Amino acid sequence: MNKIFMISAFLILFHSFGQPPNDSKIEQQYPATFHLRGKVAGRNDGIIFLNYTNLQSKRINDSCKLVNGSFSFKGDINQPTMAYMQLKEEKRNELNSVSFFLEPSVMSVKLQFNAFRNARFSGSKTQNEYAKLNDSKNVIEKKYQKQLDSLRTEKDHDKNAEIRERLAPYFSEMDQEDYEFFGKHPQSYVTMFVMRFHVVDLPLDSLEMFYDRLGARLHQTNDGKNLAEEIQKLRGGSPGSMAKNFSVKDINGSMLNLSDFKGKYVLLDFWASWCVPCRKGNPHLKEMYAKYKNMGKGIEFIGVSDDDSKPDAWYKAVEKDGLPWRHVLRGLDMQKILKGEHNESDISEKFGIHSLPTKILIDPDGKIIGRYGDAGDEGEAMNKKFAEIFGE
Amino acid sequence: MRNVKKILGIISSFVMVAQGQSQGLNPVNWNFTSKKTGDKTYEIRLTATIQSGWHLYSQSQPEDAIAIPTGITFNSNPLLTLENKVKEVGKMEKFHDEKLELSANQYSNKVEFVQVVKLKANAKTNISGSVEYQTCDDKKCLPPKTVNFSIALK
């Protein structure tokens, strides 16, 4: 609730800035090369590695010998790209490695031996923005340092979960920092880069708004296209959209068409035999099914399982948990995913499913009216929705 | 600067495969490295750094497990032989749930999958393959993912 409130506050705050500047004004071709020069203070010789994705989408591992601590890299890129720099050492040493944005421009960097994370880059607008975001996140991290350390050292599984619960404000503050950044830097490459990590937690309309504001130039990049596709899938599986139909053989070999259930409510339960949180939730789901299936217009449950590779585990789980509703497989085809091909029969893709369990509630007209993303608070929200529709 | 690459390799390429699935949650970061440990002998390390709260599953699971074990496949390469099995270096946790009657061998924070490789003759080559893995935290799971790797032996 708090999160939604904060997001709305940002939206109001940044809406007053009006539309982003006209795209044609900022449209400019990047040069296709970068030149990065740097110096490591406290270390004269050695070898430094640079790892990035080039113009041809190839992962490049370049290296350069330090001369009096200085080094220089050149390469082909035509958009800002995440890069990783590391000093060659006998043992992998986090102190001498840093992630940053490489931009097609002339860049320079000052590094400190054993403190690469304090690197200061110049010549890249994108990296400047990224550094600013990281600085404000470091402040938050310092505030919670003690708890974070105890989380790292605690080996007990239950205690670990407890510490994590108490760290909820930390995670929320970190998220807020990103949202605030999106608002302040609507057309930054960093905004697009970081947005990927919030596809799961941002409300869909906020996601769409931030995406729109990125502008035509960023929309045309590969990252921009991927983000658009992700948002579109999520839209297809979110309240307000009509549920996409699917026709597939169920666990008993009978044909199941989602559209056949019109006139009734339907709950799609995306789960898997190997998903412990899903299995834990099954007893409660059974209670709900027994209670509501014949109330009012009635409701049907359809379990959509991510068990295509091991149907035996699926049969066993359905039987062991005693789930009396209809069951289908999602239709995952790993080969198609690896080739980047679209798989029309993948039900999870149609509904933009990111994690399990996810439940999607469809009304008697075939319209999605609820989406519940995990077994925590959102499970509670689903209970309320059922009570609201069918009565207690 | 490109010819300074004759190094006991530390870094090597890590290629993430487009998943057609969420990029949103990525609780496991993979890093692939090789190190020369003797004559024609190399140690390959597939290092998984796991975000706090998430688990990665061991290659071997107890009888009453439901988790999908991590699976590592090496593409065949006529220049190479694999010595023994992939070893796991990390603190394995034994998870057990009384109610669901199930167990799991899992890792938090960090685990390394280590494979020793021998070259049949002195040659420059890469070892390539893929890791299939699946992760969960207490409230949710992510569908299995596959990450391809290609590591230079030098």
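Reading guide: rules and limits
- Residues numbered from 1 in each chain as written.
- Chains lettered and ligands numbered in written order.
- Predicted model: local features only at pLDDT ≥ 70, side-chain atom pairs only at ≥ 80, totals over all residues.
- Helix = DSSP H or I, 4+ residues; strand = E, 2+ residues; numbered from the N terminus.
- Buried ≥ 20, exposed ≤ 12 C-beta atoms within 10 Å, placed from the backbone.
- Contact = placed C-beta atoms within 7 Å.
- Axes fitted to C-alpha atoms, helices over the stretch in contact; angles between N-to-C directions.
- Parallel < 35°, antiparallel > 145°, perpendicular 65-115°, else oblique.
- Left-handed = near helix turned anticlockwise from the far one by under 90°.
- Nonpolar A, V, L, I, M, F, W, Y, C, P; charged D, E, K, R; others polar.
- pLDDT = per-residue confidence, 0-100.
- Domains from an automatic or database assignment.
- Pairing = 2+ DSSP bridges.
- Core = buried A, V, L, I, M, F, W, Y, C linked by C-beta atoms within 7 Å.
- Expected span 1.5 Å × (residues − 1).
- Bend = angle between axes of the 7 residues up to and from the residue.

*Asks:* So what's going on with the overall build of chain B? Residues and values would help.
*Replies:* What chain B contains, in helices and strands, is zero helices and nine strands. When the helices and strands of chain B are listed from N to C terminus, the series reads β-β-β-β-β-β-β-β-β. Taking all 154 residues of chain B together, the buried fraction comes to 33%. At a minimum sequence separation of 6, the contacts of chain B that also span at least 24 residues come to 66%.

*Asks:* Could you give me a rundown of the overall build of chain A, with the residues and numbers involved?
*Replies:* Within chain A one finds 15 helices and 15 strands. The proportion of buried residues among the 392 residues of chain A is 32%. At a minimum sequence separation of 6, the contacts of chain A that also span at least 24 residues come to 61%.

*Asks:* Lay out the packing of helix H3 (residues 125-143) of chain A against helix H6 (residues 168-184) of chain A in plain terms, naming residues and giving numbers.
*Replies:* Residues and elements named next belong to chain A. Where H3 contacts H6, the axes come no closer than 10 Å and their chain directions differ by 160°. What the angle tells us is that H3 and H6 run roughly antiparallel. Crossing of H3 against H6: the hand is right-handed. Of H6, the residues touching H3 (which contributes Leu133, Ser136, Lys137 and Ile140) are Tyr170, Glu173, Met174, Glu177 and Phe181. Grouping the constituent residues of the contact of H3 with H6 by class yields five nonpolar, one polar and three charged.

*Asks:* Go over the confidence of the model for chain A with me, naming the residues and quoting the values.
*Replies:* On average, chain A scores 87 in pLDDT, and the residues at 70 or more come to 90%. Within the model, pLDDT remains below 50 along residues 10-28 of chain A, and this stretch shows 18 contacts once partners closer than five positions in the same chain are excluded.

*Asks:* Would you mind going over the domain arrangement of chain A in detail, with residue names and values included?
*Replies:* As assigned here, chain A comprises domain 1 (30-123), domain 2 (133-236) and domain 3 (247-390). Spacing between the C-alpha centres of domain 1 of chain A and domain 3 of chain A amounts to 47 Å.

*Asks:* Any details on the sheet that holds strand E1 (residues 33-41) of chain A? Residues and values, ideally.
*Replies:* Residue and element names in this part refer to chain A. Ordered in space as E4-E1-E7-E8, the four strands form an open sheet in which the pairing is mixed. Each of the sheet's edge strands pairs with one partner strand only, and the pair in question is strand E4 (70-76) and strand E8 (120-122). The mean inter-strand angle of the sheet, taken between neighbouring strand axes irrespective of direction, is 15°. Sheet analysis places E1 next to E4, joined by seven bridges and oriented antiparallel. Each residue of the ladder has a partner; that of Arg37, found in E4, is Ser72.

*Asks:* Residue-level account of the sheet that holds strand E6 (residues 97-102) of chain A, with values.
*Replies:* Residue and element names in this part refer to chain A. Taken in spatial order, the four strands make up an open sheet running E3-E2-E5-E6, and their pairing is antiparallel. Lying at the two open borders of the sheet, with one neighbouring strand each, are strand E3 (59-65) and E6. Across the sheet, the axes of successive neighbouring strands diverge by a mean angle of 20°, strand direction being ignored. Relative to E3, strand E2 (residues 47-53) runs antiparallel, the two sharing seven bridges. From the neighbouring strand, Thr53 faces E3, where its bridge partner is Arg59.

*Asks:* Outline the pairing of strand E7 (residues 102-119) of chain B, listing residues and values.
*Replies:* Residue and element names in this part refer to chain B. Examined bridge by bridge, strand E3 (residues 41-50) and E7 share nine bridges and lie antiparallel to one another. Residue Thr41 lies in a different strand from E7, and its bridge partner there is Lys118. Note: strand E4 (residues 55-57) against E7, two bridges, orientation antiparallel. Bridged to Tyr57 within E7 is Gln106. Pairing analysis gives 14 bridges linking strand E6 (residues 80-97) to E7, with the strands arranged antiparallel. Bridging across to E7, Val89 finds its partner in Glu112. Hairpin remark: E6 followed by E7, antiparallel, with four residues in the connecting loop; positive phi at Glu101, about 55°.

*Asks:* Explain the packing of helix H8 (residues 204-213) of chain A against helix H10 (residues 222-236) of chain A to me, using residue names and the numbers behind them.
*Replies:* Residue and element names in this part refer to chain A. Running from amino to carboxyl end, H8 crosses H10 at an angle of 155°, the nearest separation of the two axes being 11 Å. One way to sum up the angle between H8 and H10 is to call them roughly antiparallel. The handedness of the crossing between H8 and H10 is left-handed. The segment H8 lies against H10, with Leu204, Leu207, Glu208 and Tyr211 engaging Leu227, Ala228, Ile231, Leu234 and Arg235. Split by residue class, the contact of H8 with H10 holds seven nonpolar, no polar and two charged.

*Asks:* A description of unusual backbone geometry should follow, citing residues and the corresponding values.
*Replies:* Residues and elements named next belong to chain A. Here the residue pair Leu356 and Pro357 is connected by a cis peptide bond, since its omega of -5° sits within 30 degrees of zero. Tracing the backbone through its elements, the reader meets Pro357 in the loop between helix H14 (347-350) and strand E14 (358-362). Phi at Asn68 takes a positive value of approximately 55°, unusual for a residue other than glycine. One can find Asn68 in the loop between E3 and E4. By the C-beta count within 10 Å, which is 9 here, Asn68 ends up exposed. Of note, Asn114 is a non-glycine position whose phi angle comes to about 70°, a positive value.

*Asks:* Lay out the nonpolar core in plain terms, naming residues and giving numbers.
*Replies:* Counting residues in each nonpolar core, the largest one holds 59 residues, and the members touching the most others are Val266, Leu268, Ala272, Cys275, Leu356 and Ile362 of chain A together with Leu56 of chain B. Excluding residues that lie within four positions of it along the chain, Ala272 of chain A makes contacts with Cys278, Ser305, Asp306, Asp307 and Leu356 of chain A together with Cys141 of chain B. Grouped together as the second largest cluster of nonpolar side chains are 39 residues, Ile77, Ala83, Leu207 and Phe210 of chain A included.

*Asks:* Pulling in residues and values, what's your account of helix H11 (residues 276-292) of chain A?
*Replies:* All names here are of chain A. Taking 1.5 Å of rise per residue, the 17 residues of H11 would be expected to cover 24 Å, and the 25 Å separating its terminal C-alpha atoms lies within 8% of that figure. When the local axis directions of H11 are compared, the greatest deviation, roughly 40°, occurs at Asn282, which is followed within four positions by the proline Pro283. Of all the positions in H11, only Val276, Pro277, Cys278, Arg279, Gly281, Asn282 and Leu285 are classed as buried.

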